[in-house]
Amino acid sequence: MPAISRYAIRAALVHLALGVTIGALLLANKALPFAPWIWSLLPAHIHMLLIGWTVQLAFGVAFWILPRLSAEGDRGSPVLSWLIVAGLNGGVTLAVLADLLRLLGSIALPGPLELAAFVCYGGVSLACARHFWPRLAAITLPSS
Amino acid sequence: MPTQSRWYIRTALIWLVLAFIVGGAILISRAQQWGSIGGALQPVFYHLLMVGWTFQLICGVALWLFPVLGKERPRGDERLTWAAYVGLNLGLLLRALFEPLLLLMPGALASWAVVLAALLQAIAVWLFVVAIWPRVRGKRSALPQRRIS
């Protein structure tokens, strides 16, 4: 498994553990209300589990498993791949930070942070398309 | 495919079918205007799809495909992933049964069952993360290197 996949998958596992912990607190709070403010972390729960976990895991595994570009094992631009990992984690961090600041009563900052998170996600989606498109080549079998 | 992966993936398929039955029930309840039943089932529907199906399918495939640790215990301590399997499915079942009940007929039993469901699912996920973490590794580091003298 290449280094980029290892970093992406491990980061995805961290998002999974944190996102599920928030989810468990939300569910428990539904049954035994102990902290009404915790509902403001619902968007953080969704960002961490949909983007931080699911999308990042899919990227890490796809980078590892999809066909390579050459017989030498070239998987495409490492710079672009690291930017994708940075964009995914940066986007989720900004979105979660926006939630936390909103929880602390900030009015001015959450909006721009959410916009920045959205820009990160948009950049990641374009970069993923650019990176993976050439790797989706059909396998040519030798003619008998 | 190892036995654990088969259990995870087959159970994921069962949750997928159940999720669409719950989804159908939501649509029917809306069409028939059965009050709050559709709303009570909505979070269960999402979680059956995302936890029961998607997450569990990912777990099954990861346990199968991720690099092995060595020849003696290729998939690490399988007790952790079996415990995760039991916790995840028991927690999800409790959630599916008692979360709608909590909204429709609140009571102590439903409340504590939902808290237990939350705890079981969280512990199951942490166990899975601990179990799979060492298997996120490169091919060369999977087996000890032979010293060339």
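That block above? That's the structure.
Residues numbered from 1 in each chain as written. Chains lettered and ligands numbered in written order. Predicted model: local features only at pLDDT ≥ 70, side-chain atom pairs only at ≥ 80, totals over all residues. Heavy atoms only, no water.

A.B. asks: Just to check I follow, could you spell out empty space enclosed by the protein for this structure?
C.D. replies: It is the rolling of a water-molecule-sized probe over the atoms that shows where space remains empty. Using the criterion set out here, one finds 1 cavity of 30 Å³ or more in the structure. For the largest cavity, the calculated volume is near 30 Å³. Among the elements of the structure, helix 1 (3-31) and helix 2 (42-65) of chain A together with helix 2 (37-65) and helix 4 (108-132) of chain B are those that each provide at least two residues to the lining of the largest cavity. Grouping the amino acids of the lining of the largest cavity by side-chain chemistry returns 9 nonpolar, no polar and no charged. (1 Å grid on protein atoms, 1.4 Å probe; cavity = no way out; pocket = protein on both sides within 12 Å on 5 of 7 lines; lining within 4 Å. Points joined across faces, edges and corners; volume = space filled by probe spheres on them. Helix = DSSP H or I, 4+ residues; strand = E, 2+ residues; numbered from the N terminus. Nonpolar A, V, L, I, M, F, W, Y, C, P; charged D, E, K, R; others polar.)

A.B. asks: For this particular structure, what's the right way to read the layout of surface pockets?
C.D. replies: Estimates place the volume of the largest pocket at around 730 Å³. If you go around the largest pocket, you meet 29 residues; those closest to its centre are His45 and Leu49 of chain A together with His47, Val51 and Arg95 of chain B. Among the elements of the structure, helix 1 and helix 2 of chain A together with helix 2, helix 3 (78-104) and helix 4 of chain B are those that each provide at least two residues to the lining of the largest pocket. Here the lining of the largest pocket is built from residues that sort into 20 nonpolar, 6 polar and 3 charged.

A.B. asks: Mind showing me how you'd approach the interface of chain B and chain A here?
C.D. replies: Accessible area lost upon the coming together of the parts serves often as the stated size of an interface. Across the boundary between the two partners, chain B contributes 28 residues, which contact 23 residues of chain A. Here chain B is connected to chain A by 1 salt bridge. One salt bridge in this structure joins Glu99 of chain B and Lys30 of chain A, with 2.5 Å as the shortest N-O distance. In this assembly, chain B and chain A are joined by 4 residue pairs in polar contact (both at pLDDT 80 or more). Within the residue set of the side of chain B that touches chain A, elements represented by two or more residues are helix 2, helix 3 and helix 4 of chain B. With 11 residues, helix 4 of chain B is the largest single contributor of residues to the side of chain B that touches chain A. Each residue belonging to the side of chain B that touches chain A can be placed in one class, and the counts come to 19 nonpolar, 4 polar and 5 charged. (Contact = heavy atoms within 4.5 Å. Salt bridge = Lys/Arg side-chain N within 4 Å of Asp/Glu carboxyl O. Polar contact = N/O pair within 3.5 Å; in protein donor to acceptor, adjacent residues only side chain to side chain.)

A.B. asks: Looking at this structure, I do not really get the nonpolar core. What am I missing?
C.D. replies: In globular proteins that are soluble, nonpolar side chains generally tend to be buried together. Among the nonpolar cores identified, the biggest contains 52 residues, and Leu13, Leu16 and Trp53 of chain A together with Phe55, Phe66 and Phe128 of chain B are the most heavily contacted of them. Breaking this core down by element, the ones donating at least two residues are helix 1 and helix 2 of chain A together with helix 1 (3-31), helix 2, helix 3 and helix 4 of chain B. Here this core gets 12 residues from one element, more than from any other, and that element is helix 4 of chain B. Setting aside residues no more than four positions away along its own chain, Phe128 of chain B makes contact with Tyr8, Phe55, Cys59, Ala62, Leu63, Thr81 and Ala84 of chain B. Among the nonpolar cores identified, the runner-up in size contains 12 residues, and Leu26, Leu41, Ala44 and Ala95 of chain A belong to it. (Core = buried A, V, L, I, M, F, W, Y, C linked by side-chain atoms within 4.5 Å. Buried < 20%, exposed > 50% of the residue type's maximum accessible area, 1.4 Å probe, protein only.)

A.B. asks: Help me out: how do you make sense of the pattern of salt bridges in this one?
C.D. replies: When their charged atoms lie close together, side chains carrying opposite charge are able to pair. Tallied over the full model, the rule gives 5 salt bridges over all chains. For Asp77 of chain B, the salt bridge identified is with Arg79 of chain B, shortest N-O distance 3.0 Å. Taking relative accessible area as the criterion, Asp77 of chain B reaches 22% and is therefore assigned partly exposed. If you follow the salt bridges from partner to partner, you end up with Lys30 of chain A together with Arg95 and Glu99 of chain B in one network.

A.B. asks: Sorry, what's going on with the packing of helix 1 of chain A against helix 2 of chain A here?
C.D. replies: Helix packing for two helices is described by the angle between their axes and how far apart those axes are. All names here are of chain A. Running from N to C, helix 1 and helix 2 point in directions that differ by 155°, and their axes come no closer than 8 Å. The orientation of helix 1 with respect to helix 2, classified from their angle, is roughly antiparallel. As for how helix 1 packs across helix 2, the hand of that crossing is left-handed. Taken together, the residues that form the contact of helix 1 with helix 2 break down as 20 nonpolar, 8 polar and no charged. (Axes fitted to C-alpha atoms, helices over the stretch in contact; angles between N-to-C directions. Parallel < 35°, antiparallel > 145°, perpendicular 65-115°, else oblique. Left-handed = near helix turned anticlockwise from the far one by under 90°.)

A.B. asks: Just checking my understanding: could you explain unusual backbone geometry for this structure?
C.D. replies: Leaving glycine aside, a negative phi is the common case for residues, and trans is the common case for peptide bonds. Residue and element names in this part refer to chain B. Here Gln33, not a glycine, exhibits a phi torsion of approximately 55°, which is positive. Mapped onto the secondary structure, Gln33 falls in the loop between helix 1 and helix 2. Under the relative-accessibility criterion, Gln33 is labelled exposed at 71%.

A.B. asks: Teacher, can you tell me more about helix 1 of chain B here?
C.D. replies: Spacing of three or four residues puts side chains on the same side of an α-helix, whose turn is 3.6 residues. Residues and elements named next belong to chain B. Helix length check: helix 1 (29 residues) gives 42 Å between terminal C-alpha atoms against 42 Å at 1.5 Å per residue, within 8%. Within the sequence span of helix 1, burial applies to Gln4, Ser5, Tyr8, Ile9, Thr11, Ala12, Trp15, Ala19, Val22, Gly23, Ile26 and Ser29. Residues of helix 1 that are buried make contact with helix 2, helix 3 and helix 4. Note on helix 1: the residue one or two positions beyond its end, Gln33, has a positive phi of about 55°. (Expected span 1.5 Å × (residues − 1).)

A.B. asks: Please clarify how a nonpolar patch on the surface should be interpreted in this entry.
C.D. replies: All names here are of chain B. A cluster of nonpolar side chains, Ile28, Trp34, Ile37, Leu103, Leu104 and Met105, forms an exposed patch at the surface whose accessible area comes to about 590 Å². By the secondary structure assignment, Ile28 is in helix 1. On the basis of relative accessibility, which here comes to 45%, the residue Ile28 falls in the partly exposed class. (Patch = residues over 30% accessible without salt bridge, like charges linked within 9 Å, V, L, I, M, F, W, Y side chains within 5 Å. Areas by Shrake-Rupley, 256 points an atom, 1.4 Å probe, with all protein chains shown as cover.)

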